[in-house]
Amino acid sequence: MKKNIPTIEEIKDLVEKRRTLSTTKWSEVAARYSGKEVWIRSDYMTEHLLENAPEHRYEDVWKFARKLNSYWHCPVKPAEYARMSAYAEDEELVAVTLKALNDEEYPFEEEKREFITYFYAVALISQSNHHREECLETLERLTRFFIKNKPFTYDALLRNMEVLSKKFPDLKPFAVELGKKI
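Please read all numbers here as calculations on a predicted model, not as lab measurements.

Please clarify how the nonpolar core should be interpreted in this entry.
If you look at soluble globular proteins, the nonpolar side chains tend to sit buried side by side. Within the largest apolar cluster, 54 residues are counted, with the highest numbers of intra-cluster contacts made by L49, Y118 and F119. Residue assignment for this core shows that the elements contributing at least two residues are α1 (8–20), α4 (44–52), α5 (58–68), α7 (91–103), α8 (115–127), α9 (132–149), α10 (154–164) and α11 (172–180). With ten residues, α8 is the largest single contributor of residues to this core. With near-sequence residues (within four places) excluded, L49 lies in contact with V61, F64, A65, L68, V96, T97 and A100.

This is the structure in structure tokens:
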């Protein structure tokens, strides 16, 4: 493994610290990892993506997680969703992303930036023809969860289904269900 790629243990440790430390303390901890770029990338999806990555794809999954963490907001426009279309062609990455999304239904208790990577992961499985049945099962489960719990990011899942159902008609029932419950 390359020197600048963190281990899963380092990511887990940093995710825990990021969630529990004050901003000042977190900055001090993050400064110690400056060569590994993990202070920005220590979020829920990074942890779960790397945790589910096969050893031979760990570096590729790390690069994917870094890419997800470079985005500043959830996908909104079709071009932003299209960012995931190339990744959706990678069958192993789709499988890793599915596992990461299925680790926990919805991990966010408050408004934090890390949900952005989560919704790019949702956009990825929404566009993949690999493991399509499992992708749709996961999206159905997420839809039911969002309808029942109405998290602050409800509109992000609804928008995902509305935008992508134009190209992927099997997402239309999710968009309709989510749209009814607003």
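On we go from here.
What should I look at first to understand the environment of L171 in this one?
Relative to the helices and strands, L171 resides in the loop between α10 and α11. A C-alpha to C-alpha distance of 8.5 Å links L171 and L139, two positions 32 residues apart in sequence. Dropping the residues within four chain positions of it, L171 is found in contact with S126, R132, L136, L139, M161, L164 and S165.

Just checking my understanding: could you explain unusual backbone geometry for this structure?
Comment: phi is negative for the bulk of residues other than glycine, and the bulk of peptide bonds are trans. Even without a glycine there, the phi angle at H131 is positive, about 55°. Note that H131 resides in the loop between α8 and α9. Residue H131 is classed as partly exposed on the basis of its relative accessible area of 30%. Despite not being glycine, K150 shows a phi value in the positive range, around 45°.

Would you explain the packing of α7 against α9 in this entry?
Two measures define how a pair of helices packs: the angle their axes make with one another and the distance between the axes. One can describe the packing of α7 onto α9 by two numbers: an axis separation of 11 Å at closest approach and a directional angle of 25°. For the element pair α7 / α9, the angle class is roughly parallel. Between α7 and α9 lies a crossing of left-handed hand. In this structure, α7 uses V94, L98, L101 and N102 to contact α9, whose residues at the interface are E134, C135, T138 and R141. Looking at side-chain class alone, the contact of α7 with α9 contains four nonpolar, two polar and two charged residues.

Can you help me understand the packing of α9 against α10 in this one?
As a packed pair, α9 and α10 sit with axes 10 Å apart at the nearest point and diverge in direction by 140°. Classed by the angle they form, the pair α9 and α10 counts as oblique. The element α9 and its partner α10 pack so that their crossing is left-handed. Residue-level contacts link L139, L142, T143, F146 and I147 of α9 to Y154, L157 and M161 of α10.

Each value, and the rule that gives it
Residues numbered from 1 in each chain as written. Predicted model: local features only at pLDDT ≥ 70, side-chain atom pairs only at ≥ 80, totals over all residues. Heavy atoms only, no water. Core = buried A, V, L, I, M, F, W, Y, C linked by side-chain atoms within 4.5 Å. Buried < 20%, exposed > 50% of the residue type's maximum accessible area, 1.4 Å probe, protein only. Helix = DSSP H or I, 4+ residues; strand = E, 2+ residues; numbered from the N terminus. Contact = heavy atoms within 4.5 Å. Axes fitted to C-alpha atoms, helices over the stretch in contact; angles between N-to-C directions. Parallel < 35°, antiparallel > 145°, perpendicular 65-115°, else oblique. Left-handed = near helix turned anticlockwise from the far one by under 90°. Nonpolar A, V, L, I, M, F, W, Y, C, P; charged D, E, K, R; others polar.

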